[in-house]
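Results of the structural survey
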Amino acid sequence: MLPGMLMPPFLGQPSPPVPPPGASDLQLLAKLPIQIKEGIPVAICTVRVDGAALRRLLRGTPSRGRGARALELIGQGRVRVWLTSEYLEGISSQLRLRRIEHWLRAAWPTPGEDLMTRPACRAYIEAAGIEINPPDVHSRFVEPGAALWFQAPGKPWRRFPDPSLARAYAMSELASPEQDPKYHAELVKALDALLED
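This structure is a prediction, so every number in the text was calculated from the model and none was measured.

Right, let's talk about the overall build of the protein chain for a bit. The helix and strand inventory of the protein chain stands at six helices and six strands. Written out in order from the N terminus, the α and β elements of the protein chain read β-β-α-α-β-α-α-β-β-β-α-α. Relative to the globule expectation of 16 Å for 197 residues, the C-alpha radius of gyration of the protein chain, 18 Å, shows essentially globular dimensions. Looking at the 197 residues of the protein chain, the share that counts as buried comes to 45%. Put simply, 63% of the contacts in the protein chain that link residues at least 6 apart link residues at least 24 apart. When the accessible area of the protein chain is evaluated, it comes to approximately 10,500 Å², of which 55% is carbon and sulfur surface. Considering the protein chain, the positive charge centre built from 24 side chains and the negative charge centre built from 21 side chains are found 4 Å apart.

Structure follows, in structure tokens:
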């Protein structure tokens with residue numbers, strides 16, 4: 001580029017995320033930092049949900065506590081959710097593998113079952129447990145009662161057909177306050193606002 005020439009504004013900016021199959025109608029819920037290391041954000045998470053399904057499932061539920069109840073339903077894998085994580089900190093593949101397996105085990109819905117006996121779980125952990133180099137963006141999509149989808153940077157979406165995996169992911173990443181209580185509380189507030197009468 002010659003001196004004095006301007007770079008076109010679209011160069012160097014990330015491409016907009018490509019929705020997975022069946023997720024183009026989801027509503028933006030929130031864009032929040034997640035802080036799992038001494039209060040320092042490690043990623044910015046953009047969460048999109050099926051607002052129509054939540055309203056249907058919560059019909060007749062009092063408005064007070066509706067956000068918390070909605071997050072429970074999400075954690076049970078009953079609602080379509082698309083989460084995009086833009087990483088602010090590098091993470092080695094070894095640490096990433098350990099974290100993913102730990103969170104899934106903590107949220108696994110079948111007591112006494114080893115999730116590593118399930119081929120889809122092993123395949124997902126291997127696919128998602130890759131080295132992270134900011135500003136990498138990873139996306140996941142919960143297909144209720146069916147599968148967890150994953151998209152690594154520059155790769156197409158991959159489908160991991162296992163309802164228990166989808167549920168464990170939704171619980172560990174969205175409905176459990178263990179990773180980051182503040183993030184969890186902000187999701188509840190965002191759901192309260194989304195579901196206001």
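Still to come is the rest of the account.
Turning our eyes to something else, we now look at empty space enclosed by the protein. Tallied over the entire structure, the rule returns two cavities of 30 Å³ or more. The calculated volume of the largest cavity comes to roughly 110 Å³. Ile34, Tyr87, Arg96, Glu173 and Gln179 are, among the 14 residues lining the largest cavity, the residues nearest its centre. In terms of residue count, helix H3 (residues 93–107) provides more of the lining of the largest cavity than any other element does, three residues in total. Looking at the lining of the largest cavity residue by residue, the class counts come to eight nonpolar, two polar and four charged. Put simply, the second largest cavity is a space of about 60 Å³. Taken together, Arg96, Ile100, Trp103, Leu104, Tyr124, Arg140, Tyr169, Ser172 and Glu173 form the lining of the second largest cavity. At the level of elements, H3 and helix H5 (163–175) are the ones that each hand at least two residues to the lining of the second largest cavity. Ranked by the residues each element gives to the lining of the second largest cavity, the list is headed by H3, at four residues.

A negative phi angle characterises most non-glycine residues, just as the trans form characterises most peptide bonds. Between Pro134 and Pro135 the backbone carries a cis peptide bond, its omega angle lying at 5 degrees. Considering the arrangement of structural elements, one finds Pro135 in the loop between helix H4 (119–128) and strand E4 (137–143).

In summary, the side chains of a regular strand alternate between the two faces of the sheet. The buried count for strand E2 (residues 43–49) comes to six of seven residues, which makes it a mostly enclosed element. Pairing analysis gives seven bridges linking E2 to strand E3 (residues 81–87), with the strands arranged antiparallel. The partner of Cys45 across the bridge, within E3, is Ser85.

Before going further, it helps to spend a moment on H5. Summarising burial for H5: ten of the 13 residues are buried, a large majority. When we look at burial in H5, the residues that qualify are Ser164, Leu165, Ala166, Ala168, Tyr169, Ala170, Ser172, Glu173, Leu174 and Ala175.

All chains considered together, the criterion is met by nine salt bridges. A salt bridge links Arg105 to Asp114; its shortest N-O distance comes to 3.0 Å. Residue class for Arg105 comes out partly exposed when judged on its relative accessible area of 39%. Judged by its relative accessible area of 34%, Asp114 falls in the partly exposed class. For Glu186, the salt bridge identified is with Lys189, shortest N-O distance 3.6 Å. Note that Glu186 and Lys189 are positioned in helix H6 (residues 181–194) at a spacing of three residues, about one turn of the helix. Taken together, the shared-partner salt bridges in this structure form one network comprising Asp25, Asp50 and Arg80.

What counts and how
- Residues numbered from 1 in each chain as written.
- Predicted model: local features only at pLDDT ≥ 70, side-chain atom pairs only at ≥ 80, totals over all residues.
- Heavy atoms only, no water.
- Helix = DSSP H or I, 4+ residues; strand = E, 2+ residues; numbered from the N terminus.
- Rg over C-alpha atoms; globule rule 2.2 N^0.38 Å.
- Buried < 20%, exposed > 50% of the residue type's maximum accessible area, 1.4 Å probe, protein only.
- Contact = heavy atoms within 4.5 Å.
- Areas by Shrake-Rupley, 256 points an atom, 1.4 Å probe, with all protein chains shown as cover.
- Lys, Arg positive; Asp, Glu negative; His and termini not counted.
- Charge placed at Lys NZ, Arg CZ, Asp CG, Glu CD.
- 1 Å grid on protein atoms, 1.4 Å probe; cavity = no way out; pocket = protein on both sides within 12 Å on 5 of 7 lines; lining within 4 Å.
- Points joined across faces, edges and corners; volume = space filled by probe spheres on them.
- Nonpolar A, V, L, I, M, F, W, Y, C, P; charged D, E, K, R; others polar.
- Pairing = 2+ DSSP bridges.
- Salt bridge = Lys/Arg side-chain N within 4 Å of Asp/Glu carboxyl O.

These figures capture arrangement, not role.
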